[in-house]
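Coordinate analysis (summary)
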Amino acid sequence: MSTSAELLAEAVSASKSDSKRSESLYKQILSSTKPSTHENSQQTQTLRDQETALVNLGQLYRDQNNAAGVAEVITLSRSFMSSTAKAKTAKLIRTLLDYFNAIPNSQKIQMTVLQDNIEWAKREKRIFLKQSLETRLAGLQLETHEYKPALALIDTLLTELRRLDDKMILTEVHLLESRVYRGIGNMAKAKANRFRSSPFAALTSARTAANSIYCPPALQSSLDLQSGILHAEDKDYTTAYSYFYEAFESLSTQGEDDGKALSALKYMMLCKIMLNLPEDVTSLLSIKLAVKYAQLREVESMRSVAKAHQARNLADFEKALKDYKDELSSDPTIRSHLSDLYDALLQQNLLRIVEPYSVVELEYIAECVGQGRQSVETKLSQMILDKVFYGVLDQGRGCLLVFDEPKADEMYDSAINTLGQVSKVVESLYAKSVSIA
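Computed from a predicted structure; not experimentally measured.

Reading the values: the criteria
- Residues numbered from 1 in each chain as written.
- Predicted model: local features only at pLDDT ≥ 70, side-chain atom pairs only at ≥ 80, totals over all residues.
- Heavy atoms only, no water.
- Helix = DSSP H or I, 4+ residues; strand = E, 2+ residues; numbered from the N terminus.
- Buried < 20%, exposed > 50% of the residue type's maximum accessible area, 1.4 Å probe, protein only.
- Contact = heavy atoms within 4.5 Å.
- Areas by Shrake-Rupley, 256 points an atom, 1.4 Å probe, with all protein chains shown as cover.
- Phe/Tyr/Trp six-rings, centres within 6.5 Å; stacked < 30°, edge-to-face > 60°.
- Lys NZ or Arg CZ within 6 Å of the ring centre and 35° of its normal.
- Pairing = 2+ DSSP bridges.
- pLDDT = per-residue confidence, 0-100.
- Polar contact = N/O pair within 3.5 Å; in protein donor to acceptor, adjacent residues only side chain to side chain.
- Core = buried A, V, L, I, M, F, W, Y, C linked by side-chain atoms within 4.5 Å.
- Axes fitted to C-alpha atoms, helices over the stretch in contact; angles between N-to-C directions.
- Parallel < 35°, antiparallel > 145°, perpendicular 65-115°, else oblique.
- Nonpolar A, V, L, I, M, F, W, Y, C, P; charged D, E, K, R; others polar.
- Salt bridge = Lys/Arg side-chain N within 4 Å of Asp/Glu carboxyl O.
- Expected span 1.5 Å × (residues − 1).

We now examine the overall build of the protein chain. A count of helical and extended segments in the protein chain gives 22 helices and 3 strands. When each of the 437 residues of the protein chain is scored for burial, the buried share is 44%. Long-range contacts, defined here as pairs at least 24 residues apart, represent 59% of the contacts in the protein chain between residues at least 6 apart. Summed over its atoms, the accessible surface of the protein chain is roughly 24000 Å², and 52% of this surface lies on carbon and sulfur atoms.

For the rest of this paragraph, the subject is the packing of aromatic side chains. Counting across every chain of the model gives 4 aromatic pairs. Centroid distance Phe317 to Tyr342: 5.8 Å. Interplanar angle 45°. Geometry classified as tilted. With Phe317 in helix 17 (residues 314-323) and Tyr342 in helix 19 (residues 332-354), this pair connects stretches of sequence that are 25 residues apart. In terms of burial, Phe317 and Tyr342 fall into one category: buried. One cation-aromatic arrangement involves Lys272 over Tyr241; the distance from NZ or CZ to the ring centre is 4.6 Å.

Another aspect to go through is the pairing of strand 3 (residues 399-403). Burial runs high along strand 3: 4 of the 5 residues are buried. Judged from the 3 bridges that link them, strand 1 (residues 359-361) and strand 3 form a sheet pairing that is antiparallel. Residue pairing for strand 3: Glu361 is matched across the bridge by Cys399. Where strand 2 (residues 390-394) lies against strand 3, 5 bridges are found, and the strand directions are antiparallel. For Asp394, the partnering residue across the bridge sits in strand 3 and is Cys399. Hairpin geometry of strand 2 and strand 3 is characterised by an intervening segment of 4 residues between the two adjacent antiparallel strands and by a positive phi of about 70° at Gly398.

Turning our eyes to something else, we now look at the confidence of the model for the protein chain. Taken residue by residue, the protein chain gives an average pLDDT of 83. The fraction at 70 or more is 86%. Confidence drops under a pLDDT of 50 for residues 188-197, and excluding neighbours within four residues, the segment shows 10 contacts in the predicted structure.

We now examine the side chain of Gln371. If you trace the backbone, Gln371 turns up in the loop between helix 20 (362-369) and helix 21 (373-385). On the basis of relative accessibility, which here comes to 18%, the residue Gln371 falls in the buried class. Among the polar contacts made by the side chain of Gln371, one reaches the side chain of Tyr342 at a distance of 2.9 Å. Each residue touching Gln371, except ones within four places of it in the same chain, is listed here: Leu314, Glu318, Tyr342, Leu346, Ala366 and Val376.

Residues Leu265, Ile365, Leu380 and Leu400 are the most contacted members of the largest nonpolar core, which totals 58 residues. The next biggest cluster of nonpolar side chains, apart from the first, holds 52 residues, and it includes Val55, Ile74, Leu129 and Leu142.

Quick look at unusual backbone geometry now. Trans is the prevailing form of peptide bonds, just as negative phi is the prevailing case for residues other than glycine. With a phi angle near 55°, Arg312 is a residue other than glycine that sits in the positive phi range. Take Arg312: it is sitting in the loop between helix 16 (297-310) and helix 17. Taking the relative accessible area as the measure of exposure, Arg312 reaches 32% and is therefore partly exposed. Its identity is not glycine, yet Lys387 carries a phi of approximately 60°, on the positive side. One can find Lys387 in the loop between helix 21 and strand 2. Residue Lys387 is classed as exposed on the basis of its relative accessible area of 60%.

Here we take up the packing of helix 19 against helix 21. Between helix 19 and helix 21, whose axes approach to 11 Å, the crossing angle comes to 85°. Considered as vectors, helix 19 and helix 21 are oriented roughly perpendicular to each other. Mapping the contact onto sequence places Asp343, Leu346, Gln347, Leu350 and Leu351 in helix 19 and Val376, Lys379, Leu380 and Met383 in helix 21. For the contact of helix 19 with helix 21, the per-class residue count stands at 6 nonpolar, 1 polar and 2 charged.

Taken in spatial order, the 3 strands line up as 1-3-2 in an open sheet, and their pairing is antiparallel. A single partner strand is all that each edge strand has here, and the edge strands are strand 1 and strand 2. Geometrically, the sheet is characterised by an average inter-axis angle of 20° between neighbouring strands, direction not taken into account. Helix-sheet contacts for helix 21 involve strand 2 and strand 3, and the interaxial angle to strand 2 is about 145°.

All chains considered together, the criterion is met by 18 salt bridges. Note that Arg397 is salt-bridged to Asp394, the shortest N-O span being 3.6 Å. The exposed category is assigned to Arg397, whose relative accessible area is 57%. When salt bridges with common partners are traced through the structure, they connect Glu23, Lys27 and Glu72 into a single cluster.

Between its first and last C-alpha, helix 9 (residues 167-184) extends 26 Å over 18 residues, near the 26 Å set by a 1.5 Å rise per residue. Listed as buried for helix 9 are Ile169, Leu170, Thr171, Val173, His174, Leu175, Leu176, Glu177, Ser178, Val180, Tyr181 and Arg182. Trailing helix 9 by a residue or two, Gly185 shows a phi angle of about 95°, which is positive.

Attention shifts here to the side chain of Ser77. Within the element layout of this structure, Ser77 appears in helix 4 (residues 67-81). At 2.5 Å, the side chain of Ser77 forms a polar contact with the backbone oxygen of Ile74. Excluding anything up to four places from it in sequence, Ser77 contacts Leu54 and Leu96.

Written as structure tokens, this is what we have:
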């Protein structure tokens, strides 16, 4: 009978040419007699081979985009995990769960697997593993926009973590809490009604926890990214830029996730554009750390937006949004701010067109900005209500009447002020006459 080491070597060799054979051999290794708890070299080697078989089988299913297969491997791993140290168990299950990340549209099955394993961890009284899995589940609920269950799970987690005083995972959960509140989008209401639960409050708690421990560069970069995003939401693009720069520098220097580094660079470019400094985007891309990203399509998309904004050209702006739709729309932060920028650019173009006229046809305005008449009417109505300029839409004639900005009547204000002073004098005289009488 072949040993587990021989079966493993055969499975690894077969994985390149016969995945079915390789899969069968890995399962044979995992279904072999469970090693006893007594320590000896053969039993230790069998455990190692089973661990390798689990990881390799998970990789095989990952490469096949087989989410159900990865879920099955995680379930199979439980019997193995019962025989190993808890620290190794947590590392192994995290490794297997990471394989889901490469499989498209696997969030739902991953959430089911996590919920199942959380219940198992509770039964086995593996508290730290349970908390790690719950943190991951809350992150997935955020990705799938299930904000209410995510907040409920985070509240429970924070209560437990404060009691255990686990600062590292507490920092991660507070950061996650901040991202969930930001995802909800109603930041003003959160601050007004329950400031404790606002994204900034959650982020402050995350930073407080992080300051009392050694914070790994990856986690520190995530905190800086979230800080920058929230400051950008508050239109404080200067402070946001400084946070994004810190995150980008750390991620690039430490060789961390290139995707996050690229996001930080795009956010830096976004801040320059929103600060009306689009010309700085070119010089930003010439710095040493940014050079390797300069030719990427994601960076080119932001460069195109910067050029359109610098030229105040609405048509070029729309072309950039269309040509780089995936790159500019996939990130909610960039999508939101570019939407605001588009509105501002449209408003500037409309003001430039109507400025010389007292009466101008709506069709002419729409033609000049390259927009539909209805959208132009809507925007002009909003601008009139916001008192960006003074005028009225004459829909019967299909034109816009533009008025001069009304000036305050100084004589009227002076008369009102005089009457106020006279009133005070009369009241004073009346009070004196009453006291004499």
